[in-house]
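Each chain is listed here by its residues.
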There are 2 protein chains.
Amino acid sequence: MIVDRDGLIQPTARTTVRRHKERAEYDRQAAYAILDEGFVCHAACVVDGTVWMIPTAYGRIGDRLLLHGAAANHVLKAAGEGAELTVTVTLIDGLVLARSTFNHSLNYRSVVIFATATDIADPVDKAVALTAIVEHMLPGRTADARPPTPIELTKTRVVSIPLDEASAKVRSGGPLDEEADVELPVWAGVLPLRPRAGTPIPDSANQTGVVVPAYLDQPARWS
Amino acid sequence: MIVDRDGLIQPTARTTVRRHKERAEYDRQAAYAILDEGFVCHAACVVDGTVWMIPTAYGRIGDRLLLHGAAANHVLKAAGEGAELTVTVTLIDGLVLARSTFNHSLNYRSVVIFATATDIADPVDKAVALTAIVEHMLPGRTADARPPTPIELTKTRVVSIPLDEASAKVRSGGPLDEEADVELPVWAGVLPLRPRAGTPIPDSANQTGVVVPAYLDQPARWS
């Protein structure tokens, strides 16, 4: 077990950042802020000697990440049965355009988690986890959406991942060019990137009088 | 070896999509279009019994994907030495808001690749690959940026990944609700999402008279 003291996630041999150590973040809140801003992770584990990887939505409740999927999903099934998971959340913040090809980079914030997951079987716990996943995707949504039925819950696998062995890595700011390159007449800088939301597209079968919910308008998050 | 006939990537047992088969794409050009639109992948392999995963930029030359990183990078080093890689590229196109929690989904396009990579040692081949990676990130950029020196090339590991065992999965369109749910007075639809570029941020040390290059303005890609 990893000791959590003063809000730090104590790095293990696996989560100690070895290159660009200045980009490492072991602060739990910093890692959680990245997890909370993203909503899609890549989760991988070994099944029959092959690394299987899925992109999937997630939620967070306290010190646990929650993943869900079809009951037969390869990665989640293996995770529920005790296979070790590696989960990465990556936010891309911009292209870093240096004067040299070599020093081009990306601004990003990422978290990598190594964990053994627990399968959530209890229907109430499962429903709570699914609510967290949908709320993570779009806060406010579960007040409107019909909750899962018992049958829907049995069709869904939910696994819970402890956030004990995790590290964050952050690159921000402008290009870091070699001193001799700074005199080159090459534009250097950052092209910021972020996910933006477009205009909501209503389903053609929406009932008359049903309006676009206010929670779809989240300027701080999507624009 | 996978037979490539009529532009299809013949699915193997590992790349045959098993759930939501209607989302599967085995057409090589469809998969390449996804790879060409994205520019960050998640690459994973097993080292000492652990699945290591990195988010990293990539390029494509023909039927090969190119990854680069520090020479000592765990995942790339293992890949260069023959470890099998799993690489995923995921584009998130929107939140799919169904009337039921259960039918919430994401619109996305993803490609998963299983491959044994080849380490590129030849400096000329390496420079070509690095050019492809930077051009993939930002077409036009390598006409401006200083090319890598021999020393920079030795500091960089480049691996080449055959795109023979790959499959794409695409979810698009509106929510698919249960028939009984369509009558619920719940707004259903899609919130489109895409990466957008902000205003370029020039490095404070840019030489006088150096202007923002025209290739930074790519409305079709970033807006």
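Just so you know, these numbers come straight off a predicted model, no measurement behind them. (Residues numbered from 1 in each chain as written. Chains lettered and ligands numbered in written order. Predicted model: local features only at pLDDT ≥ 70, side-chain atom pairs only at ≥ 80, totals over all residues.)

## Observations concerning the overall build of chain A
Helix and strand counts for chain A stand at 5 helices and 13 strands. Once the C-alpha set of chain A is aligned to its principal axes, its extents read approximately 65 × 50 × 40 Å. Every one of the 223 residues in chain A was classed for burial, and the buried ones make up 43%. In chain A, of all internal contacts separated by at least 6 residues, the share reaching a separation of at least 24 is 71%. (Helix = DSSP H or I, 4+ residues; strand = E, 2+ residues; numbered from the N terminus. Buried ≥ 20, exposed ≤ 12 C-beta atoms within 10 Å, placed from the backbone. Contact = placed C-beta atoms within 7 Å.)

## Here's the deal with the pairing of strand β8 (residues 105-116) of chain B
All names here are of chain B. Within β8, 9 of the 12 residues are buried, which leaves the element mostly enclosed by the surrounding structure. The sheet contact formed by strand β7 (residues 84-97) and β8 spans 12 bridges and is antiparallel. Its bridge partner being in β8, V96 is matched across the sheet by S105. When β8 meets strand β11 (residues 165-171), the two strands line up antiparallel, connected through 7 bridges. Counterpart to V112 in the pairing with β11 is S167. (Pairing = 2+ DSSP bridges.)

## Side note on helix α1 (residues 28-37) of chain A
Residues of α1(A) that are buried: A31(A), Y32(A), I34(A) and L35(A). Take α1(A) and look down its axis: the buried residues cluster within an arc of 155°, on one side only. (Arc of directions from axis to C-beta.)

## Here's the deal with the nonpolar core
Judged by nonpolar contacts, the single largest core of 118 residues is most densely connected at A44(A), I113(A), I161(A), A44(B), I113(B) and I161(B). Beyond its immediate stretch of four places on either side in the chain, I113(A) contacts L65(A), V87(A), I161(A), L163(A), E165(A) and A166(A). (Core = buried A, V, L, I, M, F, W, Y, C linked by C-beta atoms within 7 Å.)

## Things to note about the relation of the copies chain A and chain B
Here chain A sits on chain B after a turn of 180° about the axis and a move of 0.0 Å along it, with an RMSD of 0.0 Å. What the superposition gives is, in effect, a two-fold axis relating one chain to the other. The C-alpha atom lying nearest the rotation axis in chain A is that of P195(A); the distance is 2.1 Å. Interface overlap between copies: 100% of the residues of chain A at the interface are likewise at the interface in chain B, consistent with a symmetric, same-surface contact. (Least-squares fit on C-alpha atoms with pLDDT ≥ 70 in both.)

## What to know about unusual backbone geometry
In the Ramachandran plot, D48(A) falls in the positive-phi region, its phi being about 50° despite a non-glycine side chain. Judged by C-beta crowding, with 9 C-beta atoms within 10 Å, D48(A) ranks as exposed.

## What about the interface of chain A and chain B?
With 75 residues of chain A at the contact, the number on the chain B side is 75 residues. The leading source of residues in the side of chain A that touches chain B is strand β12 (residues 189-197) of chain A, at 9 residues. By residue class, the composition of the side of chain A that touches chain B is 48 nonpolar, 15 polar and 12 charged. When strand β13 (residues 201-202) of chain A meets strand β12 (residues 189-197) of chain B, the two strands line up antiparallel, connected through 2 bridges. Paired with P202(A) across the two strands is G189(B), which belongs to β12(B). (Nonpolar A, V, L, I, M, F, W, Y, C, P; charged D, E, K, R; others polar.)

## Describing the environment of L163(B)
All names here are of chain B. Take L163: it is sitting in the loop between β10 (156-162) and β11. Looking at L163, the number of C-beta atoms within 10 Å reads 21, which means it is buried. Sequence separation between L163 and I61 is 102 residues; the distance between their C-alpha atoms is 10 Å.

## Overview of the confidence of the model for chain A
Residue and element names in this part refer to chain A. Here chain A shows a mean pLDDT of 91. Residues at 70 or above account for 92%. Residue range residues 1-6 is modelled with pLDDT below 50. Its contacts to residues more than four positions away, or to other chains, number 10 contacts. Scored as a whole, the predicted complex attains pTM 0.92, and scored at its interfaces, ipTM 0.92. (pLDDT = per-residue confidence, 0-100.)

## Notes on the pairing of strand β4 (residues 40-47) of chain B
All names here are of chain B. Extensive coverage of β4 is indicated by the burial of 6 of its 8 residues. In the sheet, β4 pairs with strand β5 (residues 50-61) via 8 bridges, with the strands oriented antiparallel. Each bridged residue has a counterpart across the sheet, and for H42 the counterpart in β5 is P55. Taking the residues between adjacent antiparallel strands as the criterion, β4 and β5 are bridged by 2 residues, where D48 takes a positive phi near 50°. Bridge count between β4 and β7: 3 bridges; the pairing is antiparallel. Within β7, the position partnered with A43 by the bridge is V87.

## Some points on the environment of Y58(A)
All names here are of chain A. Assignment of secondary structure puts Y58 in strand β5 (residues 50-61). When the C-alpha positions of Y58 and L184 are compared, they lie 45 Å apart, and in sequence the two are 126 residues distant. Those residues in contact with Y58 that sit more than four places away from it in its chain are C41, L65, L66, L67, I133 and H136.

## Regarding the environment of P55(A)
In this structure, P55(A) sits in strand β5. By the C-beta count within 10 Å, which is 19 here, P55(A) ends up partly exposed. In sequence terms P55(A) and A43(A) are 12 residues apart; their C-alpha atoms lie 6.5 Å from each other. Setting aside residues no more than four positions away along its own chain, P55(A) makes contact with V40(A), H42(A), T88(B), T90(B), Y108(B) and S110(B).

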